[in-house]
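Results of the structural survey
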Amino acid sequence: MKKILLTAMGCCALLASAQQVTVLKQSRLLQGVEGPAYYPQLNSSGTKLLFASGDNSSLKLYDYDMNVVTRVSADDASGIDARFAPDGSVYYVTQKRDAATNLIYRTGCRYDVATAKSSVVLEAQHGAVLPQIGTKGVAINGPRKAYKSAANIGTSVYTTGSKLVLTVGGRTRELQPVESFAGYLWASLSPDGTRVLFFAAGKGAVVCDLNGRVLAMLGQYEMPAWYNNDYVVAQHATDDGHQFTSSQIVLLKADGSFRHSLTTPASMTMQPTAAAGKIVYTTIDGNLYEMKIKIDE
């Protein structure tokens, strides 16, 4: 009887300590104002949103305070890898196909939000051109040339192949926390700069420390992004080998101990970004949504 009572008490304690997630707000963004929109990216204060316009994935910026959408770049694919820098400016990569050689050349650009003007910071080159967002600045890395906004961009991370390229205290290392022959994607630093979140093909979302030591394997979730220091939002999608059959947004605890569905599999929601308590995501048809949640622990 005593054993049964202790077991029941333990179950009650477990239930009492379980996280409860409440959706406080879920609303459509820019309905009737913009066409299909993908790859949303919030700035750290949650006051501005980058997204790729569905026509040619050109880059646009939505200002929440002004309630205004600005086209940052009309160039093809400029909205896919666009990111906010620590100083609030926007870095993005454009691409153009050379008619003579049929090769694609990519150019690194910076957009000054205050003046609404863009400038080229890394001349066009053939091959992968990858943005690297640090805690103090930005780098754009190409196969032949690179750009840095400052000599010391702080702690930063990006992926190349099946490696994390991590810079801490001015020292850059290539790390491989988990084996993945198909490569890594979507690496980012936690808001406090102490951990790395990334996706490893075949392994799923992974959290590691700044030495590459694995802290948590979160499961088969794509496009993971930090919600705060303790939680992650991600996309959980299925497909039949040709097209998506379901996709939803999930909330995960960064230590792997908790999972909660924020949208249903049939909603076909994907590509989440989060900052300052906001979660923004899109649908397979390019409809942007904003969600706010409450987590009780």
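This text goes with the structure placed above it.
Attention here is on the structure that accompanies the text. Keep in mind that this is a model prediction, so the values were computed, not measured.

**Concerning the nonpolar core**
In this structure, Tyr 227, Val 233, Leu 251, Leu 262, Ile 279 and Ile 293 are the most contacted members of the largest nonpolar core, which totals 14 residues. Of all the secondary structure elements, the ones that give two or more residues to this core are β21 (231–239), β22 (244–253), β25 (278–283) and β26 (289–296). With sequence-adjacent residues up to four places away left out, Tyr 227 is seen in contact with Val 232, Val 233, Leu 251, Ala 274, Gly 277, Ile 279, Ile 293 and Ile 295. Val 157, Phe 198, Cys 208 and Leu 210 belong to the second-largest nonpolar core, a separate cluster that totals 13 residues.

**Details of the sheet that holds strand β18 (residues 204–209)**
If you trace the 4 strands from one edge of the open sheet to the other, you get β16-β17-β18-β19, paired in antiparallel fashion. Sheet topology places β16 (184–189) and β19 (214–219) at the edges, where each strand pairs with a single neighbour. Between one strand axis and the next, the sheet turns through 20° on average, direction left out of account. Pairing analysis gives 4 bridges linking β16 to strand β17 (residues 195–200), with the strands arranged antiparallel. Across the sheet, the residue bridging to Ser 188 is Leu 197, located in β17.

**Overview of the side chain of Ser 180**
Residue position: Ser 180 is located in the loop between β15 (171–175) and β16. A polar contact of 3.2 Å, which involves the side chain of Ser 180, links it to the backbone oxygen of Gly 183. In contact with Ser 180, other than residues within four places in its own chain, are Ser 162, Ala 200 and Ala 201.

**A word on the sheet that holds strand β14 (residues 163–168)**
Reading across the sheet, the 3 strands line up as β13-β14-β15 and stay open at both edges, with antiparallel pairing between neighbours. This sheet does not close on itself; its edge strands, each paired only once, are β13 (156–160) and β15. Direction aside, neighbouring strands of the sheet carry axes that sit 20° apart on average. Direction of pairing for β14 relative to β15: antiparallel, over a ladder of 5 bridges. Each bridged residue has a counterpart across the sheet, and for Leu 166 the counterpart in β15 is Arg 173.

**Digging into the pairing of β17**
Judged by how many residues are buried, β17 sits mostly within the fold: 6 of 6 residues are covered. Here β17 shows no split at all, with Arg 195, Leu 197 and Phe 199 on one side and Val 196, Phe 198 and Ala 200 on the other all buried. In this antiparallel pair of consecutive strands, β16 and β17, the connection spans 5 residues, and Gly 193 shows a positive phi of 75°. Sheet topology note: the β17/β18 ladder contains 6 bridges and is antiparallel. Looking across to β18, one finds that Arg 195 is bridged to Asp 209. Remark: 3 residues form the turn of the hairpin made by β17 and β18, two consecutive strands paired antiparallel; Gly 202 in that turn has positive phi of roughly 90°.

**A look at unusual backbone geometry**
The backbone of Met 223 sits at a positive phi, close to 50°, despite the residue not being glycine. Structurally, Met 223 is set in strand β20 (residues 222–226).

**Things to note about the pairing of β19**
Remark: a regular strand shows side chains that alternate across the two faces of the sheet. Bridge count for β18 against β19 is 4 bridges, and the pairing is antiparallel. In the sheet register, Val 206 faces β19, and the bridge partner there is Met 217. With antiparallel pairing between neighbouring strands as the criterion, β18 and β19 make up a hairpin whose turn holds 4 residues, including Gly 212 at a positive phi of roughly 85°.

**Some thoughts on the pattern of salt bridges**
A complete count under the given rule lists 9 salt bridges for this structure. Between Lys 163 and Glu 174 there is a salt bridge, and its shortest N-O distance comes to 3.2 Å. In this pair, Lys 163 is assigned in strand β14 and Glu 174 in strand β15, connecting sequence segments 11 residues apart. The partly exposed category is assigned to Lys 163, whose relative accessible area is 38%.

Here is what the cut-offs are and how they apply
Residues numbered from 1 in each chain as written. Predicted model: local features only at pLDDT ≥ 70, side-chain atom pairs only at ≥ 80, totals over all residues. Heavy atoms only, no water. Core = buried A, V, L, I, M, F, W, Y, C linked by side-chain atoms within 4.5 Å. Buried < 20%, exposed > 50% of the residue type's maximum accessible area, 1.4 Å probe, protein only. Helix = DSSP H or I, 4+ residues; strand = E, 2+ residues; numbered from the N terminus. Contact = heavy atoms within 4.5 Å. Pairing = 2+ DSSP bridges. Axes fitted to C-alpha atoms, helices over the stretch in contact; angles between N-to-C directions. Polar contact = N/O pair within 3.5 Å; in protein donor to acceptor, adjacent residues only side chain to side chain. Salt bridge = Lys/Arg side-chain N within 4 Å of Asp/Glu carboxyl O.

No statement about biological role is implied by the geometric values presented.
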